[in-house]
Structures are given as structure tokens and as C-alpha cells.
Amino acid sequence: MESWVSMPKVELHAHLNGSIRDSTLLELARGLGEKGAIVFSEVEQVILKRDRSLKEVFRLFDLIHILTTDQSTVTRITKEVVEDFASENVVYLELRTTPKNNDSIGMTKHSYMEAVIKGLRAVTTVDVDFGCHEMESDASDVCIGSPRKKIYIRLLLSIDRRESTASAMETVKLAMEMKELGVVGIDLSGHPLVGEWITFLPALQFAREQGLSITVHCGE
Ligand SMILES: CNc1ncnc2c1ncn2[C@@H]1O[C@H](COP(=O)(O)O)[C@@H](O)[C@H]1O
């Protein structure tokens, strides 16, 4: 087991909101429970349950999004997720996440992604290279004579199968704007029984034309 942890690894399929520490989810749920927004004991059971069906997995994601979709929490979970992968010696991480609007707190897809980038910049346990040159410095590669650990991160923006054609297109345009910040592709994900492929075709075709890579979930 020890040798698996120390082995350098490449992680190509991590969903940001699917990679959060249980301890963080429970802390966030406890906070919302104290405000009376949720019943903590019910949510705790859902978070700690193992061996979930597909239906239960997507119910959990809806719950996680209630707990995490504000700017400061998105920044926090991004930082923690990167630090957790780095602690397992992941050296290259493709992190995918669905940019979200949340009118009630003034969150746009753009500000959601700004919060993600802020989380990448906030990582302290390892040097982060996300293709943003201002981050790179010769000095950061060496710390008191020994090389600092480094993790390379590239981002994929996900389109949820519940979205409309216009919303999917907005995500692709955002990915184009963020190419200099390590965004390399578009992911189509979400509940496999929801939506129609045709809804997303214009956005995926546009992404291809713009040189973005594409990955799609199907039939899991
Ligand atoms: C069975 N495997 C899967 N199949 C399809 N979509 C999945 C998935 N696992 C995760 N997601 C997608 O990722 C979102 C959570 O992360 P983000 O909010 O984007 O960071 C889920 O809501 C779902 O849309």
C-alpha cells in the first residue's frame, strides 16, 4: 500500500465536487443545519453512506451543490482537493467542474471559475502549475536546498446534461476566455438519463472548432 501512495500518478478524471473531503462536507452541513436550512442528521447519513446506486449518487451531488456553491466554499474545496491529490503523489491532475450560476448570491459561471482559480492560487503544500506563467518562478522550485513537490493541473469545464443549448454555449465561451488559466477542454456530464445529445451538439462542435478538447460521459 505504501508504495502505491509514493508512486507518482496521473489523475485524468476528477470532478471537483466529487472529490471533497467527507470532513469538509460534514462541517458545511453542520453549519447549514445550525442555520436551520437543512436537517443535519439526515444529510449526515446521506454523506456517509457507501455503495450508492446511480440515483443516490446524483441525489448526493445535488446535496453537495447546496453545501458548496458559494465563492468562498468553492475556493476552499479547490484548495483542499488539490492538496489531497498532491499528498497522494498525483503529479498531473485534470480537474473538471461545472461552472454554476447562483442568482441569490450573485454567482455567475465566470465568478464560479474565478473562485476555482483563487483556490488553485491558495494551495500551500505543493507548487501548482496550471499553465499560468505568472505563477512560475525559478525560486519556487527549490525550498531550503531540496526540490519542492509540484503538481500540474489542467481544467475541464463541464456541461451538465440538465443545461440548455445556450447555457452549454456559455460554458464553452468561458472555457475559451480561460485558456490562459489552464482550461484545456470541455466535459459533458450529469445524470445519464437526463437530456438529449442533440442539445449539446452545437456547443461541442463549437468547442472543437476552437481547439478545445472534449470528453463525454455516456451510459455509466
Ligand atoms: C457516475 N459518474 C458520473 N457520470 C456523469 N456525471 C458525473 C459523474 N460523476 C460526477 N458527475 C458530474 O459532476 C458533477 C459534480 O462535480 P462538479 O459540480 O462538476 O464539480 C455532478 O453533478 C455531475 O454533473
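Refer to the structure printed above.
Now for a look at the structure at hand. Quick caveat: nothing in here was measured; it's all calculated off a predicted structure.

This paragraph deals with the pattern of salt bridges. In total, this model carries 13 salt bridges according to the counting rule given. Linking Arg-76 and Glu-80 is a salt bridge whose minimum nitrogen-to-oxygen distance equals 2.9 Å. Note that Arg-76 and Glu-80 are positioned in helix α5 (residues 71–87) at a spacing of 4 residues, about one turn of the helix. Arg-76 gets classed as partly exposed once you look at its relative accessible area, which sits at 25%. Accessibility expressed as a relative area gives 11% for Glu-80, which makes it buried. Note that Arg-148 is salt-bridged to Asp-127, the shortest N-O span being 3.0 Å. Of this pair, Arg-148 sits in the loop between β5 (146–147) and β6 (150–160) while Asp-127 sits in strand β3 (residues 127–129); the two residues are 21 residues apart in sequence, bridging distant segments of the chain. Each of Arg-21, Glu-27, Arg-76, Glu-80 and Asp-84 takes part in a single network of salt bridges with overlapping partners.

Moving on: the site of the ligand. Around the ligand sit 14 residues in total, of which His-65, Thr-97, Thr-98, Lys-100 and Gly-190 are the nearest. Within the contact set of the ligand, an oxygen atom lies 2.7 Å away from a side-chain nitrogen or oxygen of Thr-97. At a separation of 2.5 Å, an oxygen atom of the ligand approaches a polar side-chain atom of Thr-98. Within the complex, 91% of the 520 Å² of free accessible area of the ligand lies under protein. With respect to the pocket detection grid, the ligand is positioned in the largest pocket. With 3 residues, helix α4 (residues 54–68) is the largest single contributor of residues to the shell around the ligand. Of the residues that constitute the shell around the ligand, the class distribution is 3 nonpolar, 8 polar and 3 charged.

Turning to unusual backbone geometry, a few remarks are in order. Positive phi is not limited to glycine here, since Asp-51 has a value of about 55°. In this structure, Asp-51 sits in the loop between α3 (40–48) and α4. With phi around 65°, Asn-89 is a residue other than glycine that occupies positive phi space.

Leu-93, Ile-151, Ile-153, Leu-155 and Ile-186 are the most contacted members of the largest nonpolar core, which has 55 residues in total. Not counting the four nearest positions on each side in its chain, Leu-155 is found in contact with Leu-95, Met-113, Val-116, Ile-117, Leu-120, Leu-181, Gly-182, Val-183, Val-184 and Gly-185.

Below, the discussion takes up the packing of aromatic side chains. Per the counting criterion, the structure on display carries 1 aromatic pair. The aromatic ring of Trp-197 is capped on one face by Arg-161, whose charged end is 5.3 Å from the ring centroid.

With that settled, the discussion passes to the packing of α3 against α4. At their nearest, the axes of α3 and α4 sit 10 Å apart, and the two run at 125° to each other. Classified by the angle between their axes, α3 and α4 sit oblique to one another. Here the hand of the crossing between α3 and α4 comes out left-handed. Between α3 and α4, the residues in contact are Val-43, Val-46 and Ile-47 and Leu-60, Leu-63 and Leu-67, respectively. Of the residues that constitute the contact of α3 with α4, the class distribution is 6 nonpolar, no polar and no charged.

Another aspect to go through is the layout of surface pockets. Gaps left between atoms are located by rolling a probe of water-molecule size over the structure's atoms. Size it by volume and the largest pocket reaches roughly 620 Å³. Surrounding the largest pocket, 32 residues form its lining, Phe-58, Phe-61, Ser-189, Gly-190 and His-191 being those nearest its centre. Looking at the lining of the largest pocket, the elements that each hand over two or more residues are β1 (9–15), α4 and β2 (90–97). The element best represented in the lining of the largest pocket is α4, accounting for 6 residues. Residues of the lining of the largest pocket, tallied by class, amount to 9 nonpolar, 14 polar and 9 charged. In this structure, the second largest pocket spans a volume of roughly 200 Å³. If you trace the second largest pocket, you find it lined by Asn-17, Gly-18, Ile-20, Asp-22, Leu-25, Ile-47, Arg-50, Arg-52, Val-57, Leu-60, Phe-61 and Ile-64. Elements that contribute at least two residues to the lining of the second largest pocket include exactly α2 (22–34) and α4. No other element matches α4, which puts 4 residues into the lining of the second largest pocket.

Cut-offs and rules
Residues numbered from 1 in each chain as written. Predicted model: local features only at pLDDT ≥ 70, side-chain atom pairs only at ≥ 80, totals over all residues. Heavy atoms only, no water. Salt bridge = Lys/Arg side-chain N within 4 Å of Asp/Glu carboxyl O. Helix = DSSP H or I, 4+ residues; strand = E, 2+ residues; numbered from the N terminus. Buried < 20%, exposed > 50% of the residue type's maximum accessible area, 1.4 Å probe, protein only. Near = heavy atom within 4 Å. Polar contact = N/O pair within 3.5 Å; in protein donor to acceptor, adjacent residues only side chain to side chain. Areas by Shrake-Rupley, 256 points an atom, 1.4 Å probe, with all protein chains shown as cover. 1 Å grid on protein atoms, 1.4 Å probe; cavity = no way out; pocket = protein on both sides within 12 Å on 5 of 7 lines; lining within 4 Å. Sits in = over half its atoms within 2 Å of the grid points. Nonpolar A, V, L, I, M, F, W, Y, C, P; charged D, E, K, R; others polar. Core = buried A, V, L, I, M, F, W, Y, C linked by side-chain atoms within 4.5 Å. Contact = heavy atoms within 4.5 Å. Phe/Tyr/Trp six-rings, centres within 6.5 Å; stacked < 30°, edge-to-face > 60°. Lys NZ or Arg CZ within 6 Å of the ring centre and 35° of its normal. Axes fitted to C-alpha atoms, helices over the stretch in contact; angles between N-to-C directions. Parallel < 35°, antiparallel > 145°, perpendicular 65-115°, else oblique. Left-handed = near helix turned anticlockwise from the far one by under 90°. Points joined across faces, edges and corners; volume = space filled by probe spheres on them.

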